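# Close look at the chain arrangement
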Amino acid sequence: MSADLRAVRRVALVGQPNAGKSTLFNAIVGYRAVAANFPGTTVEALHGQASVGGRRVEVVDLPGTYSLLGGDIAEQLTRDFLLSGEADVIVQVVDSSLLGRSLELTLELAELGLPTVLCLNMMDEAEHKGISIDREKLAAFLGVPVVATVASRGQGLVDLLAAIPEAHPVRRPPYTADVERALSQIQQAQSSTGRSSIHRAAQLLAGEAPADSALEEPVEGARRALAEGRGEDPGVILADERHAQAMRLFEAVATVGTARVGWRERADDLFMHPVVGYPLLVVALLAMFGAVFWSGDALEGLLSPLLEAVSAQIGAALGTGPGAALLLGAWDGLAAGVAIVLPYLIPFLFLLALLEDVGYMPRVGFLLDGLMHRVGLHGKSVIPFLLGYGCTVPAILATRILDDERDRLVTAALAVMIPCAGRTIVVMGLVGRYVGPVAALLLYLGNVVVIALAGWALTRLVPGEGPGLILEIPPYRTPRLRNLLGKTWLRLKGFVVLAWPLLAVSSALLALAEALGWAGGLNLGVRFLTWPLGLPSETGVPLVLGILRKELSLVMLDEALVGGVGALTQAQMIVFTVFVLFYVPCLATVGALGRELGWRRTGLVVLATTGLGLVLALLARAALGA
């Protein structure tokens, strides 16, 4: 029986990591999720609205999962959502070039009994590999609609939405007789007989502990009988049978011809080479660094004089007094966001999106895994680190993909030290512009060294064995400008919607405090930090406001100092930036840490990073004679 369109309120997008779920989600509901060409970017359910058959339905993008056994927190979230009954229809998004492997998840989803549509995404990649899929034959085998899409280009989306009302439960192929007998034995012992009872029986047979003690004996009996008959663990038997079924189905519906070999296949001979790969990585990062610095410097040079002239005219029109200072301060905050922040932030976010969509970031993760293995920074921890260069909050949330609690703690503690986009603005806009790009680059390299040493220390303070890196390397893809701009805007929107108003309000309040003579008292409250660092007392309030958003520290520094940031010596600029790189994370990051690690551990992380920032800034002052 197909899904009743009137009863379809919520559609869940399910699939293995890097199958293109988030790209499809963005194409259907509008750009709301950061989609990247590497696995693990979606770690929580994302919600949007789409029109299906003239009716609005909710679309939920679930974290990628290879199996419903649910290994890490993100995979458990996907499984729990599907078992909660909230989804009316499942759209399984499949990487068509990896159809055989993806069908194993399809066979697991069949056990849920939910109406399903199979979305064969990335059909262009399948064709590139010489894979041809008979969709009609596959639909006949599974009993569900099968739709081909290329989500990154918007192809097949209309057909996909039209297929949702025609969704059916996947036709479940039977296991071998002894497995079916074991499943039946467990089902009979279960109190619930719903459509997902076969899935629950399979999970118990695979080794999941039963919640009901009354099930322990029949489950153990079924597992023991199957294990004795086959000489293997029942969980391995189930996985092997699903794999065999998936491969038979793939061979029945797909033909594999000759793959096209081009630059994409040959590129990794260089970019992932154990020797050449590292110099090329350095060149790529230097090119990105140089592009951000030179474009930002040029844009700031064009915008600053224009906005300063406008500020002078507004100041002359408003006159003097607290009210005029309040209004002029608000304008100056907005203008500083345009002249100081955006020139560096926009090219940085655009180039980061470019590296992600091309597929170079997983290669960076592969190279960093080998480089950092000796200091304990290995395994899937690389993925949160890479995300941290855009924003620390998703980096913290991405620790959910780690199975071990010790790994999540160490990775989160180190991820808050990664220079996010806000800190990058401080490095580029202060040190890069006034001291020089070489000094800014050295700060970045120093940051990597500090994180490596901190990782070495933490992995010895919190002992344990982290897993090696098992990271799926996707093919290189030609990025689409629309997707790059959409991703850039999605990340930039956080600044426009949240940070820009904060800039205006903070600048207005700072101007008002100066007009009323209160600024000195505020700066005195944090003089215990600025004095040992050799910084002017006026840097106190900008450092405090930097806890709200890191870029605020630079913008408010320009507002607080007479003559702007140019009033600082070059040594003071470096000391200020070193402290900002490591001290208290922004409030959004603190909130994410509290949710993921608990508030006690969050407090320890905040104290440790702030203490580290203070020590490093003092060392920088001593070395530079500031």
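Residues numbered from 1 in each chain as written. Predicted model: local features only at pLDDT ≥ 70, side-chain atom pairs only at ≥ 80, totals over all residues. Heavy atoms only, no water.

This next bit is on the overall build of the protein. For the protein, the helix and strand inventory stands at 27 helices and nine strands. Counting every position in the protein, which comprises 626 residues, the buried fraction comes to 53%. Restricting to contacts in the protein with at least 6 residues of sequence separation, those with at least 24 account for 75%. Total accessible area on the protein is roughly 26,200 Å²; 63% of this is exposed by carbon and sulfur atoms. Charge-centre separation for the protein: the mean point of 48 positive side chains lies 2 Å from the mean point of 55 negative side chains. (Helix = DSSP H or I, 4+ residues; strand = E, 2+ residues; numbered from the N terminus. Buried < 20%, exposed > 50% of the residue type's maximum accessible area, 1.4 Å probe, protein only. Contact = heavy atoms within 4.5 Å. Areas by Shrake-Rupley, 256 points an atom, 1.4 Å probe, with all protein chains shown as cover. Lys, Arg positive; Asp, Glu negative; His and termini not counted. Charge placed at Lys NZ, Arg CZ, Asp CG, Glu CD.)

Take helix α26 (residues 587-597) next. What α26 keeps buried is the set T589, V590, A592, L593, G594 and L597. Buried residues along α26 sit against α16 (392-397), α17 (405-415) and α27 (599-624). G598 lies just past α26 and shows a positive phi near 95°.

With that settled, consider the side chain of E300. By secondary structure assignment, the location of E300 is in helix α12 (residues 277-318). We classify E300 as buried; its relative accessible area is 4%. A distance of 2.9 Å separates the side chain of E300 from the side chain of Y344, its partner in a polar contact. Here E300 is in contact with P305, A339, I340, P343, Y344 and R433, once residues within four sequence places are set aside. (Polar contact = N/O pair within 3.5 Å; in protein donor to acceptor, adjacent residues only side chain to side chain.)

Side-chain pairs of opposite charge can arise where the charged atoms are in close proximity. For the structure shown, the criterion picks out 20 salt bridges. Its salt-bridge partner being R10, residue E58 comes within 2.9 Å of it at the nearest N-O pair. Here E58 is found in strand β3 (residues 55-61), whereas its partner R10 is found in strand β1 (residues 10-15), with 48 residues between them in sequence. Residue classification places E58 among the buried positions, given a relative accessible area of 17%. Given the relative accessible area of 15%, R10 is considered buried. In this structure, the salt-bridge partner of E356 is K487, at a minimum N-O distance of 3.0 Å. Residue E356 is located in helix α13 (residues 322-358), and its partner K487 is located in helix α20 (residues 481-516); the two are separated by 131 residues in the primary sequence. For K487, a relative accessible area of 0% gives the class buried. (Salt bridge = Lys/Arg side-chain N within 4 Å of Asp/Glu carboxyl O.)

For the protein, the assigned domains read domain 1 (10-169) and domain 2 (177-254). The centre of domain 1, based on its C-alpha atoms, is set 25 Å off from the matching centre of domain 2. Summing the contributions of domain 1 and of domain 2, the shared interface buries around 1,800 Å²; its carbon and sulfur component is 62%. The largest per-residue losses of area from domain 1 upon contact with domain 2 belong to E104, L107 and E111, which jointly make up 30% of the total buried on that side. Along the contact surface separating domain 1 from domain 2 lie two salt bridges. (Domains from an automatic or database assignment. Buried area = accessible area lost by both parts, 1.4 Å probe.)

Counting through the fold element by element, D357 comes out in helix α13. Separated by 2.5 Å, the side chains of D357 and K487 make a polar contact.

Residues L270, V275 and V276 make up a contiguous nonpolar surface patch of about 250 Å² in total accessible area. Locating V276 in the fold gives a position in the loop between α11 (263-271) and α12. On the accessibility criterion, V276 (33% relative accessible area) is partly exposed. (Patch = residues over 30% accessible without salt bridge, like charges linked within 9 Å, V, L, I, M, F, W, Y side chains within 5 Å.)

Phi at N18 takes a positive value of approximately 65°, unusual for a residue other than glycine. Relative to the helices and strands, N18 resides in the loop between β1 and α1 (21-29). On the basis of relative accessibility, which here comes to 12%, the residue N18 falls in the buried class. We note that M122 has phi near 55°; this positive angle belongs to a residue other than glycine. Here M122 is to be found in the loop between β5 (115-121) and α4 (123-128).

Contact pair α13 / α20: the axes reach a minimum separation of 7 Å and the direction vectors enclose 155°. Between α13 and α20, the interaxial angle falls into the category roughly antiparallel. Helix-helix and strand crossings are classified by hand; for α13 and α20 the assignment is right-handed. (Axes fitted to C-alpha atoms, helices over the stretch in contact; angles between N-to-C directions. Parallel < 35°, antiparallel > 145°, perpendicular 65-115°, else oblique. Left-handed = near helix turned anticlockwise from the far one by under 90°.)

Note on terminology: a disulfide is the covalent bond linking the sulfur atoms of two cysteines. Overall, the coordinates contain zero disulfides when judged by the stated rule. A disulfide-free cysteine, C586 has its sulfur positioned 6.4 Å from the sulfur of C420, the nearest such atom. C586 gets classed as buried once you look at its relative accessible area, which sits at 17%. (Disulfide = S-S within 2.5 Å.)

Glancing now at α1. With seven of its nine residues buried, α1 lies for the most part within the structure. Buried within α1 we find K21, S22, L24, F25, N26, I28 and V29. Summarising the contacts, the buried residues of α1 are in contact with β1, β2 (46-52), β3, β4 (89-95), β5 and α6 (157-163). Just beyond α1, the residue with positive phi is G30, at close to 100°.

Evaluation of the coordinates by the stated rule reveals five aromatic pairs. Taking 5.7 Å as the distance between ring centres and 90° as the angle between the ring planes, the aromatic pair formed by F289 and Y444 counts as edge-to-face. Taken as a pair, F289 in helix α12 and Y444 in helix α19 (residues 437-461) lie far apart in primary sequence, 155 residues in all. A relative accessible area of 11% means that F289 is categorised as buried. (Phe/Tyr/Trp six-rings, centres within 6.5 Å; stacked < 30°, edge-to-face > 60°.)

Another point: the packing of α12 against α13. At their nearest, the axes of α12 and α13 sit 9 Å apart, and the two run at 165° to each other. Taken together, the axes of α12 and α13 are roughly antiparallel relative to one another. The two elements α12 and α13 cross, and the hand of that crossing is right-handed.

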